[in-house]
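Chain residues, written in single-letter form:
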Amino acid sequence: MEELTLEIACKIADAAVSAAKSKDMNVSVAVIDRSGNIITMQRMDKCLPMGYPKFAIAKANTCVTLNCSSREFRDKYAMDAAQPAKYCQLLSMSAIA
């Protein structure tokens, strides 16, 4: 597997910011390596300075740790009235993280 360089990480972050701008959103973006170390991070203007960067790092760690997107994680563990145990599992996994 190719190593994630600073140049590639910056391109990923720039693409995420560009996508957010096209949807008129303000986001924070964190790009991390396989060990969970931050390579680059960007916070858009007007994005809240406290929680949003922490959410970006948590989402990035979810992707690396579970080898899936945070959207896949959400879909797998989101509350489902037919399967309430999913929610309990999500809470447990969040507490461990």
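Trainee: Please give an account of the pairing of strand β1 (residues 28-32) that cites residues and values.
Mentor: Of all five residues in β1, five are buried, a share of seventy percent or more. Alternating residues of β1 divide into S28, A30 and I32 and V29 and V31, and every residue in both groups is buried. Turn length for the β1-strand β2 (residues 38-43) hairpin, with the two strands adjacent in sequence and antiparallel, is five residues, and the turn residue G36 shows positive phi of about 90°.

Trainee: Lay out a nonpolar patch on the surface in plain terms, naming residues and giving numbers.
Mentor: A cluster of nonpolar side chains, contributed by L48, Y52 and F55, occupies part of the molecular surface with about 330 Å² of accessible area. Overall, the relative accessible area of 54% leaves F55 in the exposed class.

Trainee: Give a detailed account of the nonpolar core, specifying residues and quantitative values.
Mentor: Formed by A9, A13, V17, A20, V27, V29, V31 and M44, the largest nonpolar core amounts to eight residues. Top element by residues in this core is helix α1 (residues 6-22). It accounts for four residues.

Trainee: Help me get a handle on unusual backbone geometry, residues and values and all.
Mentor: Its identity is not glycine, yet D24 carries a phi of approximately 55°, on the positive side. Looking at the secondary structure, you find D24 in the loop between α1 and β1. Positive phi is not limited to glycine here, since K46 has a value of about 70°. Here K46 lies in the loop between β2 and α2 (51-66). Residue K46 is classed as exposed on the basis of its relative accessible area, which comes to 77%.

Cut-off values and rules
- Residues numbered from 1 in each chain as written.
- Predicted model: local features only at pLDDT ≥ 70, side-chain atom pairs only at ≥ 80, totals over all residues.
- Heavy atoms only, no water.
- Buried < 20%, exposed > 50% of the residue type's maximum accessible area, 1.4 Å probe, protein only.
- Helix = DSSP H or I, 4+ residues; strand = E, 2+ residues; numbered from the N terminus.
- Pairing = 2+ DSSP bridges.
- Patch = residues over 30% accessible without salt bridge, like charges linked within 9 Å, V, L, I, M, F, W, Y side chains within 5 Å.
- Areas by Shrake-Rupley, 256 points an atom, 1.4 Å probe, with all protein chains shown as cover.
- Salt bridge = Lys/Arg side-chain N within 4 Å of Asp/Glu carboxyl O.
- Core = buried A, V, L, I, M, F, W, Y, C linked by side-chain atoms within 4.5 Å.

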